[in-house]
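Chain by chain, the residues:
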Amino acid sequence: MKKETEKSPRSLDQALRPSDWKDYVGQTGIKENLRILLTAAKGRNHQPEHVLLYGPPGLGKTTLAHLMAREIGASLRSTSGPAIERVGDLASILTNLSPGDVLFIDEIHRLNRTIEEVLYPAMESGVLDIVIGKGPSARTVQLELPPFTLIAATTRISMLSAPLRSRFSGGTFRLNYYDEAEIMEILARSAKILHIMTDGESVREIARRSRATPRTANYLLKRARDFAEVNEEKLDLKTVKKALALLEIDEGGLNQTDRDILAVIVEKFKGGPVGLKTVAASLSEEEETIEEVHEPYLMQLGLLERTPRGRAVTSKGYAHIGAETSREQKRLI
Ligand SMILES: Nc1ncnc2c1ncn2[C@@H]1O[C@H](COP(=O)(O)OP(=O)(O)O)[C@@H](O)[C@H]1O
Ligand SMILES: [Mg+2]
């Protein structure tokens, strides 16, 4: 079994990850639902039911799982779909849980169906069915598991089978993109933790271009700080703009790949509709990355739409790349 490590690329996430509900900005509806679920379970002295969190990367799913475990005073055992390669991997995780633990499975859409089927009885009745032997002599042994709460996260809810989805009896919650004020609040806290001196305008500019995503906002803040330090400049609006331009993040917060997706659909496929596979192949990008990372944001901004026949660039999308292209041309002149 591959072990999940939380090393360098994630250390930024770790330093800035809220460990208290009061620092977890926004998502008020979800927070309220979870508060009720957890409080009711505590009051009845019951294990909280299983919860599924979904939404694009960087919106705070993992953070919520940690906060929930903390709230009920449980330890969080963390793994992920790709790390569970065999039925035996899952069996060993489940049998090693202590009573009351929270099991966090990230990227649960990557679990294969055979493993999923082992999870059903575990979630529903707290038992593990193990098949011993093969063929006619095979028999099933049932193991009683300690009570646990599964919190699962996914960026691709559509890839989850209906039977799996239906077993999250505590609820299924979709995380939303954040508004500018919320991102600004997150950035202000991050700047404080990282001892970054900046001003309101600069924070607003980073927020505006952060894809409405806390992880991206924190990442841009760090990059802007690096840029200011290396160039011995103050981290003000001018510097932020230069740093973002160097990262090829445009006024709308789109990065190069976002723009390439729009451009390829417009230039090669007359604006669409065109299938995701074709778009991915034309760009030599992973289909998964486009669907998980780029598409949701382009759709959120109304630049791209999903039709039954594929993806299509909207008139707003045309205007966006048109505007960016002419700006680019002006720069070159
Ligand atoms: N609601 C929030 N309030 C403050 N910071 C947040 C919030 N959501 C996410 N973050 C920040 O963004 C980072 C990424 O969040 P994470 O929970 O890992 O996202 P996901 O699991 O959905 O990809 C966290 O480490 C944290 O710094
Ligand atoms: Mg995560």
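Residues numbered from 1 in each chain as written. Chains lettered and ligands numbered in written order. Predicted model: local features only at pLDDT ≥ 70, side-chain atom pairs only at ≥ 80, totals over all residues. Heavy atoms only, no water.

Undergrad: Now, about the packing of helix 8 (residues 200–208) against helix 10 (residues 237–246): what can you tell me, with residues and values included?
TA: The N-to-C vectors of helix 8 and helix 10 enclose an angle of 25 degrees; their axes lie 8 Å apart at closest approach. Taken together, the axes of helix 8 and helix 10 lie roughly parallel to each other. Remark: the crossing between helix 8 and helix 10 carries right-handed chirality. Of helix 10, the residues touching helix 8 (which contributes Glu201, Ser202, Glu205 and Ile206) are Leu237, Val240, Lys241 and Leu244. Across the contact of helix 8 with helix 10, the residue classes break down as four nonpolar, one polar and three charged. (Axes fitted to C-alpha atoms, helices over the stretch in contact; angles between N-to-C directions. Helix = DSSP H or I, 4+ residues; strand = E, 2+ residues; numbered from the N terminus. Parallel < 35°, antiparallel > 145°, perpendicular 65-115°, else oblique. Left-handed = near helix turned anticlockwise from the far one by under 90°. Contact = heavy atoms within 4.5 Å. Nonpolar A, V, L, I, M, F, W, Y, C, P; charged D, E, K, R; others polar.)

Undergrad: Break down the domain arrangement of the protein for me, citing the residues and quoting the values.
TA: Domain assignment breaks the protein into domain 1 (8–174), domain 2 (180–246) and domain 3 (256–321). Inter-centroid distance (C-alpha atoms) of domain 2 to domain 3 is 28 Å. (Domains from an automatic or database assignment.)

Undergrad: For the pairing of strand 9 (residues 310–313), give the residues involved together with the corresponding values.
TA: Where strand 8 (residues 304–307) meets strand 9, four bridges bridge the pair, whose relative direction is antiparallel. Looking across to strand 9, one finds that threonine 307 is bridged to glycine 310. Hairpin geometry of strand 8 and strand 9 is characterised by an intervening segment of two residues between the two adjacent antiparallel strands. (Pairing = 2+ DSSP bridges.)

Undergrad: Break down the packing of helix 2 (residues 28–43) against helix 3 (residues 61–71) for me, citing the residues and quoting the values.
TA: Across the interface, helix 2 lies against helix 3 with an axial gap of 11 Å and an inter-helix angle of 25 degrees. Overall, the two elements helix 2 and helix 3 adopt an arrangement that is roughly parallel. In the packing of helix 2 onto helix 3, the handedness of the crossing is right-handed. Residues Ile30, Leu34, Leu38 and Lys42 of helix 2 form the contact with helix 3, whose participating residues are Leu64, Met68 and Glu71. A per-class count over the contact of helix 2 with helix 3 returns five nonpolar, no polar and two charged.

Undergrad: Break down the confidence of the model for the protein for me, citing the residues and quoting the values.
TA: Across the protein, the average pLDDT comes to 91, with 93% of residues at or above 70. Here residues 1–7 scores under 50 on pLDDT; set against residues more than four positions off or in separate chains, the count is 14 contacts. (pLDDT = per-residue confidence, 0-100.)

Undergrad: How would you sum up the nonpolar core? Please name residues and give values.
TA: With 63 residues, the main nonpolar core has Leu187, Leu262 and Ile265 as its most contacted residues. Element by element, the count of residues in this core is highest for helix 9 (residues 214–230), at six residues. In terms of nonpolar packing, the next biggest core, distinct from the first, is built from 26 residues, Ile84, Leu94, Leu145 and Phe148 among them. (Core = buried A, V, L, I, M, F, W, Y, C linked by side-chain atoms within 4.5 Å. Buried < 20%, exposed > 50% of the residue type's maximum accessible area, 1.4 Å probe, protein only.)

Undergrad: Please give an account of the sheet that holds strand 3 (residues 102–106) that cites residues and values.
TA: Ordered by their spatial adjacency, five strands build an open sheet running 2-3-6-1-7, and the pairing between neighbours is parallel. Of all strands in the sheet, those bounded by a partner on one side alone are strand 2 (76–80) and strand 7 (171–174). For this sheet, the mean inter-axis angle between neighbouring strands, taken without regard to orientation, is 15 degrees. As judged from the four bridges shared by strand 1 (residues 51–54) and strand 6 (residues 149–154), these two strands associate in the parallel manner. Residue pairing for strand 6: valine 51 is matched across the bridge by isoleucine 151. Contacts from helix 3 reach strand 1, strand 2, strand 3 and strand 6, with the element oriented near 155 degrees to strand 1.

Undergrad: Kindly report on helix 12 (residues 276–283), identifying the contributing residues and their values.
TA: For helix 12, the full list of buried residues reads Leu276, Val279 and Ala280. Relative to the axis of helix 12, the buried residues are bounded by an arc of 95 degrees and lie together on one face. The exposed set on the far side of helix 12, more than 90 degrees from its buried face, consists of Lys277 and Ala281. Looking at the buried side of helix 12, the elements it contacts are helix 11 (256–269), helix 13 (287–300) and strand 9. Where helix 12 ends, the next residue or the one after it, serine 284, has phi of about 50 degrees, a positive value. (Arc of directions from axis to C-beta.)

Undergrad: Describe the environment of methionine 159, listing the residues and the values that go with them.
TA: Inspection of the secondary structure puts methionine 159 in the loop between strand 6 and helix 6 (162–165). Between the alpha carbons of methionine 159 and arginine 110 there is a distance of 8.4 Å; along the sequence they are 49 residues apart.

Undergrad: An account of unusual backbone geometry is requested, with residue identities and associated values reported.
TA: Cis geometry marks the peptide bond from glycine 272 to proline 273, where omega comes out at 0 degrees. By the secondary structure assignment, proline 273 is in the loop between helix 11 and helix 12. Of note, glutamate 107 is a non-glycine position whose phi angle comes to about 45 degrees, a positive value. Structurally, the position occupied by glutamate 107 is in the loop between strand 3 and helix 5 (113–125). Here glutamate 107 falls in the partly exposed class, since its relative accessible area comes to 30%. If you check the backbone angles, glutamate 232 has positive phi at about 50 degrees while not being a glycine. Along the chain, the position of glutamate 232 falls in the loop between helix 9 and helix 10.

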